[in-house]
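So you can see what is in the structure, the chains are spelled out below.
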Amino acid sequence: MNKIEDLYGNDLETKYFYIFPVERLDLKNEESFGNIRIFPKGCIDIDDMYSSTIIMSQEDKDKFDSNIEKLKSNPLIVINDQTYADYPGSISSDLQIITTAISKASIIIDYIKFEFCSLVAPKTMPARLGQVASGETLLLMYSGKGSPFTRIIDTTIYSNTLTAGVGLDINSEIFTNFNLLNADIGEVGNIAKQALRMFSNALEENDNTGKFIEIMRLFEFIADPNSFTKFQKVRTKIAAHIAENSSDIHRLQEEFKYYSSGDNEDGLRTEIIHNGKSIEILIPELSKQTDLFNKLQLYITKCIRDLICFYNKSWDELEAIRDTKLEEAKKNKVKNKTVNYSNTAVLIDVNFLAESIEKFSPMYKKLHPKSDFSNLKLEELVYQALRNCRVLEEKKTYKVFAFSNSIDDIPLVKIPVSSLDGAKLKGNNCLFELVAFAFEEKEKKVESVFEITHDIFQDKSSFESSDLTFRNVVFIGDDPAYIDLLTSVNAKDNRNLTIVKCSHYSQMEHRIPFFDIGHLVGMSFGLSASQL
């Protein structure tokens, strides 16, 4: 823990500091941009700032101590600036000071949300700048011990709070590609700031209909922030950021027609705005709603990323860049091959699966002697796990991670363990891409399970993770070595975890949803629920 003056050293511009806590965010790295820095929790010695402060009233002291604890237990965004010293030092200026500081630093939270948050996963949302769980917004102002300027502003700025989930846990650097506080920022960069703010608003919407409307407004803003543009032209301008070939241009034109007016005034936005319908009525299947918003976010991300990339350009220059990119896409006749990945990952302890097949297949053979129990397909086992854990999405490609030690054969399964890595298995309108890890020692297998599981549950930047951001995890395994791992990752509440284990003789006690491995084996043989 360090004194704030020591942390800044020779970089100290002025003695005025404006410090916001950020709840629902855990990060590992300190980063800086201009005169704004973000610090992990516990990095700054908050107690030292008030070591000479005496508070007479017990009520005031309790409130003060509570606010200090919130500043100590969360990451901090710090502005080192003298701008706010121009305001009178009395509390009558508090609202002006805090709103001015928020307007300067909120871009930091907006960018974090843009990089790490999802329209379909609100549980990972960090709190708004300075807002704490009780609803108030805190700003610590500091210009030296005992200074009359040094105080904590505690007021209500926002009308609601974010409560779902536990927020973000970030291990990587955040602002590697961030340049919106550079001195040479131009018109496009300032428009990018507003686009990030609008995307944050969409993320904070409580229902999918509200999110859809906000995203459509954002597309219109990005297409032309200066005037109203018909959506037919909006489609073309947005396509310039997204399309890589002529096929993409045609596909995007059709997609955006569906999003807006449709062929006969039956598009999504027309149905919502003019006919009073909701996304939930227009697209009743939850998986298809998820697909829609994942696609919309992919498109918005590409658009905003271009704005950030060309942050120092004028809008006329950006329009010229768009025209060039669109012409290049029109000339490219090579169609890209895309993989429609599911947002569900499957992890299998192959030893546990092999033991379970060996245990339950003779039982089912005795119960149903006329049925054939001589063969099992691995793709059917995975499919039944997904179906019974209620995360099945047809016509999707699933990543399946298989971990084994000291075995090469799974009973009744033709494909050997040594051939699993890189295998692509197809069945029931699904494709399964396998990634296999084979070891001699069980300890090495468990270490590998830990490593892959932690990586899957780690919040990642959309810039790094692309399509492979998993929201659901099915874990097929039952071993005491996994208890702490599964309990800790489940407590993060940023993924939906379901375990497939032995319900009657389990070696793992936990409060995580599960499905019985014996039932999975039986259903993979083709048995119905009533036959198990």
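Residues numbered from 1 in each chain as written. Predicted model: local features only at pLDDT ≥ 70, side-chain atom pairs only at ≥ 80, totals over all residues. Heavy atoms only, no water.

**Q** Describe the overall build of the chain, with residues and values.
**A** Helix and strand counts for the chain come out as 18 helices and 15 strands. In the chain, buried positions account for 53% of the 532 residues. Long-range contacts, defined here as pairs at least 24 residues apart, represent 76% of the contacts in the chain between residues at least 6 apart. In the chain, 62 side chains carry a positive charge and 78 a negative one; their mean positions are 5 Å apart. (Helix = DSSP H or I, 4+ residues; strand = E, 2+ residues; numbered from the N terminus. Buried < 20%, exposed > 50% of the residue type's maximum accessible area, 1.4 Å probe, protein only. Contact = heavy atoms within 4.5 Å. Lys, Arg positive; Asp, Glu negative; His and termini not counted. Charge placed at Lys NZ, Arg CZ, Asp CG, Glu CD.)

**Q** An account of the nonpolar core is needed here, citing residue identities and associated values.
**A** Membership of the largest hydrophobic core comes to 84 residues, with the highest contact counts inside it found for Ile108, Ile112, Phe212, Phe219, Ile222 and Ile304. Broken down by element, this core gets its largest block of residues, twelve residues, from helix α4 (residues 94-116). Among residues more than four places away in sequence, those in contact with Phe212 are Tyr259, Leu268, Arg269, Ile272, Ile279, Leu292, Phe293 and Leu296. Val350, Cys430, Ile476 and Phe525 belong to the second-largest nonpolar core, a separate cluster that totals 44 residues. (Core = buried A, V, L, I, M, F, W, Y, C linked by side-chain atoms within 4.5 Å.)

**Q** Account for the sheet that holds strand β4 (residues 36-39), naming residues and giving values.
**A** The strand order β3-β4-β5-β1-β6-β7 describes an open sheet built from six strands, whose pairing is antiparallel. Two strands bound the open sheet, and with one partner strand each, they are β3 (31-33) and β7 (151-155). Put simply, the sheet's adjacent strands are angled 20° from each other on average, direction ignored. Sheet analysis places β4 next to strand β5 (residues 76-80), joined by four bridges and oriented antiparallel. Looking at β5, one finds that Ile38 is bridged to Ile77. Where α4 meets the sheet, its contacts fall on β1 (17-21), β3, β4, β5, β6 (137-142) and β7, and the angle it forms with β6 comes to roughly 110°. (Pairing = 2+ DSSP bridges. Axes fitted to C-alpha atoms, helices over the stretch in contact; angles between N-to-C directions.)

**Q** Let's hear about the environment of Ile19: which residues, and what values?
**A** Turning to its location among the elements, Ile19 is positioned in strand β1. Note on Ile19: relative accessible area 0%, which makes it buried. For Ile19, the contacting residues outside a window of four places in its chain are Ile4, Met49, Leu71, Leu76, Ile77, Val78, Leu138, Leu139 and Leu140.

**Q** Account for a negative patch on the surface, with residues named and values stated.
**A** Negative charge collects at one region of the surface, where Glu440, Glu441, Glu443, Glu447 and Glu451 lie side by side. As for its placement among the helices and strands, Glu441 is situated in the loop between β12 (430-439) and α15 (442-457). Glu441 sits in the partly exposed class, given a relative accessible area of 46%. (Patch = residues over 30% accessible without salt bridge, like charges linked within 9 Å, V, L, I, M, F, W, Y side chains within 5 Å. Areas by Shrake-Rupley, 256 points an atom, 1.4 Å probe, with all protein chains shown as cover. Salt bridge = Lys/Arg side-chain N within 4 Å of Asp/Glu carboxyl O.)

**Q** Mind laying out unusual backbone geometry, listing which residues take part and the relevant values?
**A** Of note, the phi angle at Glu265 is positive, near 55°, even though the residue is not glycine. In this structure, Glu265 sits in the loop between α8 (246-259) and α9 (268-273). Here Lys395, not a glycine, exhibits a phi torsion of approximately 60°, which is positive. Mapped onto the fold, Lys395 is located in the loop between α14 (378-388) and β10 (397-405). Look at Lys395 and you get exposed, because its relative accessible area is 63%.

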